[in-house]
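As a plain string of letters, each chain reads:
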Amino acid sequence: MSEIASESSPKKRRLGFKIQLEPRLSEPPRWYPFVISLGAIIIALIIGGIILAAVGGDPFRTYAHIGRAAFGSAGVFSDTIVKATPLILVSLAASVAFRMGLWNIGAEGQFFLGAFGASAVVLTPLLPVDTPRWIFIPVMMLAGILAGALWGFIPGLLKARYNVNEIITTLMMNYIAVSWNNFFIFAVWSERGFQMSPVFPKNAWLPRLTDYAASIPLFRGLTTHFGLILALGAAVVVWFVTYRSRWGYEIRLIGDNPRAAKYAGLNIKRNIILVMMFSGALAGLAGMSEITGVVHRLQGAISPGYGFTGIIIAWLAKLNPFAIVLVSVLFGALILAGREIQPSGIPKMIQGIILVSLIASDFLLRYRVRLVRTAEEA
Amino acid sequence: MTQTEHHPEAKDHEIVVEMRGIVKRFPGVVANDHVDFNLRRGEIHALLGENGAGKSTLMNVLAGLYQQEAGTIRVNSRLVEFSSPKDAIDAGIGMVHQHFMLVPSQTVTENILLGLDKPRFRLLLNQYDKVIAELGERFGLQIDPRAKVWQLSVGEQQRVEIIKMLYRGAQVLIMDEPTAVLAPQEIEGLFNTLRSMTAEGKSIIFISHKLQEVMEISDRVTVLRKGKVTAAGLLTKEITRQELAHQMVGREVIFHLDKQDKQPGEVVLAVENLHAENDKGLPALRGVSLNVRAGEIVGLAGVAGNGQRELAQVLTGLRDCTQGKVLLKGESINNRPARLGIRMGLAHIPEDRTHVGSAPNLSVTDNVIMKKYRKPPIARGWMLDIPAATQFAEELKQAYDIIVPSVETPVRLLSGGNLQRVILAREISSEPVVMIAMQPTRGLDVGAIEGVHRLLLAQRQADSAILLVSEELEELLSLSDRIYVIYEGRIMGEVKVTSEKSEDKIIEMLGLMMTGTPLEQIDGAANHV
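Computed from a predicted model, the values in this text were never measured in an experiment.

S.K.: Can you tell me about helix H9 (residues 308-315) of chain B, naming the residues and giving the values?
M.R.: Residues and elements named next belong to chain B. Among the 8 residues in H9, 8 count as buried, and that is most of the element. Those residues of H9 that sit buried are Gln308, Arg309, Glu310, Leu311, Ala312, Gln313, Val314 and Leu315. Downstream of H9 by one or two residues, glycine 317 has phi in the positive range, about 80°.

Below, the structure written as structure tokens:
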């Protein structure tokens, strides 16, 4: 930092150029963030490749394998989508809260509660076992959404009423949610002493592509389920609410400048509660979708940390609902392909490198790099 | 006036900073086009120019915040290259920015020590509190080192910034429009401080667009216009105000406003015996009563920090009062949600444009619909009518001369004058019954101020009741029909502004009231009420 006197750096002077970083004073064009993100991913893959080569692996074959394992055929791509489905929903959940500056890191707990709520419909049972699917599914959705929303409402209320830090409450409530579920699978709904509930009746399952294999043979073995439609629908709804509704405007205004929002006469407390409930509802829907679309029973290991991955995805997607869909698919692919190569290690590492490069690339959106001629003394 | 920087006296004065051929471009503009500038030891050198003339840019280059694209800087004859403000401060150059760079939740001492190598680990703040208080004392900068920054008035925060630079050993202090945020008395205090600093051999660069101050405080003046030097290092005592104005704007400036005679209507805003507390829980308003009638501009004069901010906040529903009443068209609006006032036609131009008046990352459109999005045509049921909002923003952009590439541009990229126009456009377009205007021209350049004044007078013509809170006496005198003076949360008195009275007499009375003399105790005041 002590290059004050030019005499101390004669080399630099002779070069005649220096690299200079400047804060951007105008918005970059719209395509710019996409190109930068793509570039970041490519650079991450190159770095990962070098490391792979260094430990004696063949980067090209590895990447080809990852590609095949995630996108290689309709079957594996369908599996990628199955992984991406809950990710889309929890990331949307995180994004709506983050948009208003609420740090809801409780999507995981809200996910579990959503799964619980949906299960309760079958297992209590609230509806008889032979209820037709078109009633079963909407009721389970509603139950999942309500349970998730409740799990968001509690920290929301505490924040609005007593200014309790939502980071702490949402985090803590994750553990409560997991334990709550455990209580039910161990004690109440346990199937013959196993720590899981009985399998749901088929009419409480979300329809899957493979269910239609009889009429469309192409769908045989594809596990992509109706949850994808819910997730994509939710993305559209979140986009619409955020950018086209009065409520979304309030959320954006509060998120950007709470003091200006107060000055404009907005009710911030009410919005804290509503947004936390909206966020919880989306995560709850993710739980419902996962339990009725994939697992088909309530059990302990229903989430490999979807709620936390969702936080990362929401940030990487810059809270944009459609970017969330894309990033979720990418993460779904990495989760899936990772298991193919190695249970841990390399795939996690590649995930990490991609993450770091994407976050680092953000710098280029805020700063511009210039090559500057250092003027010679006249 | 064709003096150059090679003034005969230059030989007697050591040059501490010399900038030569500085070029700095921003997208679309050349902010500095081969600018030369030099500073002598122990002088106050004013850098004069309109907003956007490139003054701040040039000084940001000197302070290491920006890097020049061409040109050289020498400090004490040594060629330097700053890549960060730290480099600049190591070379003894410190800048006090227009927008203070302080941490509100920390104390004065903590703010000053922030970023320094010492103290290393244990803070021992008490010890430093003393050092800092003494340093302040030496230059006439009274400050409580233990006070939290958020509790301080703007003037006090400025003192913290100055002490921060002095503590870091600045020999050259750049003050970016320091008086823009100060009251007349505070300005006098600042000037004394600046003089005591030059007496100790420090040099000061004083950025301003106010001619009067430049004439009063500076030894030399450099004038910038559109990125170019139009007058370099002239001796202040050898130049007149008119000549400087001409150099600055490139045309003759008219210091005159066209205020028409108008009979005010009935009382629209009435404040009765209002009491309120400030953020520290101390009484800020102690029984304020005043009224504003339709079609008149009522000024509220006073030194900053005498309750103006709290009064505006109570009036606009952003702060609860502890006693008293605020009546808008006869209906009580105190201690009610801000929304009620907005619905009843209360407009508010806040003191703090960036932190209160706007949402920086949202677009111009989103910022202008802030108070309109609940009702048609912007609202369509629970949805927003985006085309209607965009059209509304486009109309305001046209009508209020908001210079911005598109209404989708985030307002953080707007200049101060443009941002103020966005806020004014929003508030005035609501056709307010009452308008609370807090320091509406603070920090704006001559042209922009004129525009704001015109808009306010047009509002008066449109029968709005306007409460104008300002610390600029000239502004109050030229706009107001009546002026109240507030001191320590009480109204000291009220003066009618009519053409028969001499301005000097009114200013004298206002000055006395601003320093705590009630109107009744002023001799001969009766004739003026």
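S.K.: I'd like a description of the domain arrangement of chain B, backed by residues and values.
M.R.: The extent of an interface is frequently quoted as the accessible surface area lost upon association of the parts. Residue and element names in this part refer to chain B. Along its sequence, chain B is carved into domain 1 (8-98 + 170-249), domain 2 (256-345 + 431-529) and domain 3 (358-430). Spacing between the C-alpha centres of domain 2 and domain 3 amounts to 27 Å. With 11 residues of domain 2 at the contact, the number on the domain 3 side is 8 residues. With 4 residues, the top contributor of residues to the side of domain 2 that touches domain 3 is helix H15 (residues 446-461). The class makeup of the residues in the side of domain 2 that touches domain 3 is 7 nonpolar, 2 polar and 2 charged.

S.K.: Any details on the pairing of strand E19 (residues 434-438) of chain B? Residues and values, ideally.
M.R.: All names here are of chain B. Counting buried residues along E19, 5 of its 5 residues qualify, which places the element largely inside the surrounding structure. Pairing analysis gives 4 bridges linking strand E16 (residues 346-349) to E19, with the strands arranged parallel. Among the inter-strand pairings, isoleucine 349 is bridged to a residue of E19, identified as alanine 437. Of the strand pairs in this sheet, E19 and strand E20 (residues 465-469) are connected by 5 bridges, and their pairing is parallel. Paired with valine 434 across the strands is alanine 465, a residue of E20.

S.K.: I'd love a proper account of the packing of helix H3 (residues 59-71) of chain A against helix H4 (residues 74-99) of chain A, names of residues and values included.
M.R.: Residues and elements named next belong to chain A. Between H3 and H4, whose axes approach to 5 Å, the crossing angle comes to 80°. By the angle class used here, H3 and H4 are roughly perpendicular. Across from Ala69, Ala70 and Phe71 in H3, the residues of H4 making contact are Val76, Phe77 and Thr80. When grouped by side-chain class, the residues that make up the contact of H3 with H4 number 5 nonpolar, 1 polar and no charged.

Cut-offs and rules
Residues numbered from 1 in each chain as written. Chains lettered and ligands numbered in written order. Predicted model: local features only at pLDDT ≥ 70, side-chain atom pairs only at ≥ 80, totals over all residues. Buried ≥ 20, exposed ≤ 12 C-beta atoms within 10 Å, placed from the backbone. Helix = DSSP H or I, 4+ residues; strand = E, 2+ residues; numbered from the N terminus. Domains from an automatic or database assignment. Contact = placed C-beta atoms within 7 Å. Nonpolar A, V, L, I, M, F, W, Y, C, P; charged D, E, K, R; others polar. Pairing = 2+ DSSP bridges. Axes fitted to C-alpha atoms, helices over the stretch in contact; angles between N-to-C directions. Parallel < 35°, antiparallel > 145°, perpendicular 65-115°, else oblique.

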